[in-house]
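Close look at the chain arrangement
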Amino acid sequence: VQLQASGGGLVQAGGSLRLSCAVSGGTFSDYALAWFRQAPGKEREFVAALRWGGGRYAYADSVKGRFTISRDNAKNTVYLQMSSLHPEDTSVYYCAARIRWTVNYCSTSEYDYWGQGTLVTVSS
């Protein structure tokens, strides 16, 4: 399974950005797909996750109501729509995949595959 993240960039506080993660090499039926982020000097943290087969979405409290995770089945792509961005959202954002959905979706150790990361910088 390969993950290719894109869409990062520089945006002003209050602005919006959409990240994409193209997924290839798998059958997707019950994948867990997630976004994590890591700021300089900090641990990688959970942002959002979805169950590819549908019916399950999860968000970190810090992004709830501002970020939306979604998928496009035809394009095998997962998106992270980010709105009302804060300078504290500045991080490298990573997409991650796991063959089966897990209740521990917010743990980095649960994921088998990772994209290369895309940098999001929010200026104040």
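To keep things clear, this report deals only with the structure shown in the data block. (Residues numbered from 1 in each chain as written. Predicted model: local features only at pLDDT ≥ 70, side-chain atom pairs only at ≥ 80, totals over all residues. Heavy atoms only, no water.)

1. As for the sheet that holds strand β7 (residues 67-72)
Worth spelling out the cut-off: By definition, two strands form a pair when at least two bridges between them are found by DSSP. Counting from the N terminus, the helices are the DSSP runs of H or I reaching at least four residues and the strands are the DSSP runs of E reaching at least two. Inter-axis angles, ranging from 0 to 180 degrees, are taken between N-to-C directions of lines fitted to C-alpha atoms, where helices are fitted over the stretch in contact.
One open sheet holds the four strands; their spatial order is β1-β3-β8-β7, and the pairing between them is antiparallel. Whereas interior strands pair on both sides, the edge strands pair on one side only; in this sheet they are β1 (2-6) and β7. Across the sheet, the axes of successive neighbouring strands diverge by a mean angle of 15°, strand direction being ignored.

2. Examining the packing of aromatic side chains
Note the cut-off: For this analysis, a ring pair means two rings from Phe, Tyr or Trp (six-membered ring only for Trp) whose centres lie within 6.5 Å, classed as stacked if their planes differ by under 30 degrees, edge-to-face if by over 60, and tilted for the remaining angles. Both a distance and an angle decide whether a charge sits over a ring: NZ of Lys or CZ of Arg must be within 6 Å of the ring centre and within 35 degrees of the ring normal.
Under the counting rule described, the total for this entry stands at six aromatic pairs. Put simply, the rings of Phe-36, Phe-46, Trp-101, Tyr-105, Tyr-111 and Trp-114 pair up and form one aromatic cluster. Sitting over the face of the ring of Tyr-94, Arg-44 holds its NZ or CZ atom 3.7 Å from the ring centroid. The ring of Trp-52 carries Arg-71 above its face, with NZ or CZ at 5.9 Å from the centroid.

3. Description of the environment of Ile-99
Convention followed: Relative accessibility decides the category of a residue: with a 1.4 Å probe and only protein chains considered, values under 20% of the type maximum give buried, values over 50% give exposed, and everything between is partly exposed. Whether two residues touch is decided by their heavy atoms; if any such pair falls within 4.5 Å, the residues are in contact.
Here Ile-99 lies in the loop between β9 (91-98) and β10 (113-114). Residue class for Ile-99 comes out partly exposed when judged on its relative accessible area of 30%. Along the chain, Ile-99 and Gly-8 lie 91 residues apart, while their C-alpha atoms are 26 Å from each other. Not counting residues up to four positions away in its chain, the partners in contact with Ile-99 are Asp-30, Tyr-31, Asp-112 and Tyr-113.

4. Quick look at the side chain of Asp-89
Filter applied, for reference: Within 3.5 Å is the distance limit for a polar contact, defined as a pair of N or O atoms, with the added protein rule that one can donate a hydrogen and the other accept it, and that residues adjacent in sequence qualify only through two side-chain atoms.
Residue position: Asp-89 is located in the loop between β8 (77-82) and β9. Engagement of the side chain of Asp-89 in a polar contact is seen with the side chain of Arg-37, the distance being 2.9 Å. Within the structure, the side chain of Asp-89 is placed 2.8 Å from the side chain of Arg-66, a separation counted as a polar contact. Setting aside its immediate chain neighbours within four residues, Asp-89 contacts Arg-37, Arg-66, Phe-67, Ser-84, Val-120 and Val-122.

5. Focus on the pairing of β8
Among the six residues in β8, five count as buried, and that is most of the element. Both strand β3 (residues 17-24) and β8 contribute to a ladder of six bridges, which runs antiparallel. Looking at β8, one finds that Ser-20 is bridged to Tyr-79. As judged from the six bridges shared by β7 and β8, these two strands associate in the antiparallel manner. Paired with Arg-71 across the strands is Val-78, a residue of β8. The hairpin turn running from β7 into β8, its antiparallel successor, is four residues long, and Asn-76 in that turn takes a positive phi close to 50°.

6. Things to note about the state of the cysteines
Cut-off, in case you're wondering: We call a pair of cysteine sulfur atoms a disulfide when they lie within 2.5 Å.
Evaluated as defined, the whole model comprises one disulfide. With its sulfur 2.2 Å from that of its partner, Cys-21 forms a disulfide with Cys-95. Negative torsions about the S-S bond denote left-handed disulfides, and the value of about 70° found for Cys-21 with Cys-95 makes this one right-handed. Of the two residues, Cys-21 is situated in strand β3 and Cys-95 in strand β9; the sequence distance between them amounts to 74 residues. Neither Cys-21 nor Cys-95 differs from the other in exposure class; each is buried. Cys-106 takes part in no disulfide bond, and the closest cysteine sulfur, belonging to Cys-95, lies 18 Å away.

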